[in-house]
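# Topology and contacts: notes
Residue strings, one per chain:
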Amino acid sequence: MSGTAGTAICLLRCDLRAHDNQVLHWAQHNADFLIPLYCFDPRHYLGTHCYSLPKTGPHRLRFLLESVKDLRETLKRKGSTLVVRKGKPEDVVCDLITQLGSVTAVVFHEEATQEELDVEKGLCQVCRQHGVKIQTFWGSTLYHRDDLPFRPIDSLPDVYTHFRKALESGTKVRPTLRMPEQLKPLAPGLEEGSIPTMEDFGQKDPVTDPRTAFPCSGGETQALMRLQYYFWDTNLVASYKETRNGLVGMDYSTKFAPWLALGCISPRYIYEQIQKYERERTANQSTYWILFELLWRDYFRFVALKYGRRIFSLRGLQNKEIPWKKDLQLFECWKEGKTGVPFVDANMRELSATGFMSNRGRQNVASFLTKDLGLDWRMGAEWFEYLLVDYDVCSNYGNWLYSAGIGNDPRDSRKFNMIKQGLDYDGNGDYVRLWVPELQGIKGADIHTPWALSSAALSQAGVTLGETYPQPVVTAPEWSRHIHQRPGGSPHPRGRRGPVQHKDRGIDFYFSRKKDAC
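What you see is a predicted model, and the numbers here were worked out from it, not measured in a lab.

What follows deals with the confidence of the model for the protein. Atom-level detail of predicted coordinates should not be read off regions where pLDDT is low. Mean pLDDT over the protein works out to 93, with 93% of the residues at or above the 70 mark. Between residues 489–518, whose pLDDT stays under 50, and residues either more than four places distant or in other chains, the model counts 135 contacts.

Below is the structure:
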């Protein structure tokens, strides 16, 4: 390589990995010096757009800090490091260009939503002003944007099944990149910068709750270890379709979502590992289902490209006028897990305590907020944005639009029956008892409907409605069909009854499990 190749700034955002990273790959072959850069953008720690909730909560912030630290350690082993700065990326890049005088290129992966696109626009302006090349790539999805059979993106189908069938009928997944063992050095005289702490953002390090279903750390190293465990060490991947609707514990689902959200693991790498597993061990509905759900993740990203700001609009993709309520008292009950509906409350308390919630739970609490309480769906979306360790803007808003009946669901009247769902997936009430301990004295399935119990039964269980546990803030007429109903079959070891089978349909919240009948 000629001595005039100069320095490339590799701006990393939601691609915090050394494997299958086209930004680092390109820079390695087109520059003498590399500056892998991560910026803690102050705009990510302000209030949300509609309800001024904190944008980044403690669980996600801790996971991010762990991921940044892990990437720095990985890059150091490759002869480089991760430069860390606090500030807007466009300002930090401008300062580095001015400081070094040798920057010839700024390289980054493109994103799909407005705030990220605004950053990219600012970066382009900075680079134009300084005569610096901009080099961008698309790297966040399983299928590459340029390989879609829908061009332009406006022709993307509005129904997932049509999208999936078109891709599965012939579109190829691009292979992962072979990354160099060693990277070019950092530009001389550049300090790597310190990684901030939780306290620097005015937040306390959250205590890890022993009940959590996601007791994992952030970073590429942990992501790759999780895949190794779930695929090769335990073969859990081969039974994923049967366990994916679980509620308790680490192993009912892949738990890849938090690492995928920050790009700590490449979806193409997961795909290649699935292909290898199917060749060497077994191929079944479970191994396919993981790819099926990676496709859902792709779909929401491409929907965001198609609709732009409309994914954040009150009226949604369908421009539908719905008289949403903005009752802050009801919203407080929902987000604090004090609605008086135990299955909802258990899930909301798990979210607050751990930053995680099962896919089954997410579907139910979203349906309850939008269909039973009639609250503005953006309240729920912004609360999830604040708390979820696996928050992904496209998946989060795409799924909330879907639950609200104004997104990509051809069945916009879909509504979940909270009592039937509790009986189906927590038939013995073990999950509710785990997170709503004040109801532990109620035995069996009756825990899902404490308001329907006699005064004597409540007294014997040590429960006083309105005092030790709330009266329900709402009751839906369809719930009455399932009161005092006993779930069939034996309790499922992961908190749901085993023999019940549902026809799978619908979508998934994040990369977890597929929705089925309500």
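Text resumes after the structure shown.
The first and last C-alpha atoms of helix α13 (residues 359–372) sit 19 Å apart over 14 residues, in line with the 20 Å expected at 1.5 Å per residue. Within α13, 13 of the 14 residues are buried, leaving the element largely enclosed by the surrounding structure. After α13 finishes, the residue Gly 374 shows a positive phi value of roughly 70 degrees.

What follows concerns the pattern of salt bridges. This model, assessed by the stated rule, comprises 27 salt bridges. Here Glu 321 makes a salt bridge to Arg 315, at a shortest N to O gap of 2.3 Å. A relative accessible area of 58% means that Glu 321 is categorised as exposed. One salt bridge in this structure joins Lys 420 and Asp 424, with 2.7 Å as the shortest N-O distance. In this pair, Lys 420 and Asp 424 both sit in helix α16 (residues 418–425), four residues apart, roughly one turn of the helix.

Within the sequence span of helix α5 (residues 160–168), burial applies to Tyr 160, Phe 163, Arg 164 and Leu 167. Along α5, the residues classed as buried sweep out an arc of 95 degrees about the axis, all on the same side. Residues of α5 that are buried in the fold lie against α10 (285–307).

Attention now moves to the side chain of Asp 376. Here Asp 376 lies in the loop between α13 and α14 (377–387). Reaching out from Asp 376, the side chain makes a polar contact with the side chain of Tyr 51 at a distance of 2.6 Å. Ignoring sequence-local partners within four residues, the contact set of Asp 376 consists of Tyr 51, Leu 314, Trp 324, Lys 325, Lys 326 and Leu 369.

Leu 16, Phe 163, Phe 231, Ile 270, Trp 334, Trp 377 and Trp 383 are the most contacted members of the largest nonpolar core, which has 118 residues in total. The leading source of residues in this core is α10, at 13 residues. Leu 37, Cys 39, Val 83 and Leu 190 belong to the second largest nonpolar core, which has 21 residues in total.

A few words now on the sheet that holds strand β5 (residues 133–137). Pairing in this open sheet of five strands is parallel, and the strands run β3-β2-β1-β4-β5 from one edge to the other. One side of each edge strand has no neighbouring strand; the edge strands of this open sheet are β3 (83–86) and β5. When the angles between neighbouring strand axes are averaged without regard to direction, this sheet yields 25 degrees. Of the strand pairs in this sheet, strand β1 (residues 7–12) and strand β2 (residues 33–40) are connected by six bridges, and their pairing is parallel. The residue bridging Leu 11 from the neighbouring strand is Leu 37, located in β2. Contacts between helix α3 (residues 89–100) and the sheet are confined to β1, β2, β3 and β4 (103–109), with β2 contributing the most and set at about 145 degrees to the helix. The strands that helix α4 (residues 114–130) touches are β1, β4 and β5; relative to β4, the one it contacts most, it runs at about 170 degrees.

Mapped onto the fold, Leu 34 is located in strand β2. Separated by 151 residues in the primary sequence, Leu 34 and Pro 185 place their C-alpha atoms 6.0 Å from one another.

Looking at the secondary structure, you find Lys 326 in the loop between α10 and α11 (328–335). Residues Lys 326 and Thr 212, spaced 114 residues apart in sequence, show a C-alpha to C-alpha distance of 31 Å. Excluding anything up to four places from it in sequence, Lys 326 contacts Tyr 51, Leu 375, Asp 376, Arg 378 and Met 379.

We now examine the side chain of Lys 306. Tracing the backbone through its elements, the reader meets Lys 306 in helix α10. Judged by relative accessible area, which is 17%, Lys 306 ranks as buried. In this structure the side chain of Lys 306 is engaged in a polar contact, spanning 3.0 Å, whose partner is the side chain of Asp 158. With residues near it in sequence (within four places) discarded, Lys 306 still touches Ile 153, Asp 154, Leu 156 and Asp 158.

On inspection of all chains with the given rule, the structure shows 38 aromatic pairs. A ring pair is formed by Tyr 230 and Phe 256, whose centres lie 6.5 Å apart and whose planes are at 70 degrees; its orientation type is edge-to-face. With Tyr 230 in helix α6 (residues 220–233) and Phe 256 in the loop between α7 (240–243) and α8 (257–261), this pair connects stretches of sequence that are 26 residues apart. By the burial criterion, Tyr 230 is buried, and Phe 256 matches it. Each residue in the set Trp 138, Phe 150, Tyr 160, Phe 163, Tyr 288, Trp 289, Phe 292, Trp 296, Tyr 299, Phe 300, Phe 302 and Tyr 402 is aromatic and connected to the rest through ring pairs, giving one cluster. For Lys 276, the ring lying beneath its charged end belongs to Trp 232, and the centroid distance is 5.3 Å.

About the cut-offs
Residues numbered from 1 in each chain as written. Predicted model: local features only at pLDDT ≥ 70, side-chain atom pairs only at ≥ 80, totals over all residues. Heavy atoms only, no water. pLDDT = per-residue confidence, 0-100. Contact = heavy atoms within 4.5 Å. Helix = DSSP H or I, 4+ residues; strand = E, 2+ residues; numbered from the N terminus. Expected span 1.5 Å × (residues − 1). Buried < 20%, exposed > 50% of the residue type's maximum accessible area, 1.4 Å probe, protein only. Salt bridge = Lys/Arg side-chain N within 4 Å of Asp/Glu carboxyl O. Arc of directions from axis to C-beta. Polar contact = N/O pair within 3.5 Å; in protein donor to acceptor, adjacent residues only side chain to side chain. Core = buried A, V, L, I, M, F, W, Y, C linked by side-chain atoms within 4.5 Å. Pairing = 2+ DSSP bridges. Axes fitted to C-alpha atoms, helices over the stretch in contact; angles between N-to-C directions. Phe/Tyr/Trp six-rings, centres within 6.5 Å; stacked < 30°, edge-to-face > 60°. Lys NZ or Arg CZ within 6 Å of the ring centre and 35° of its normal.

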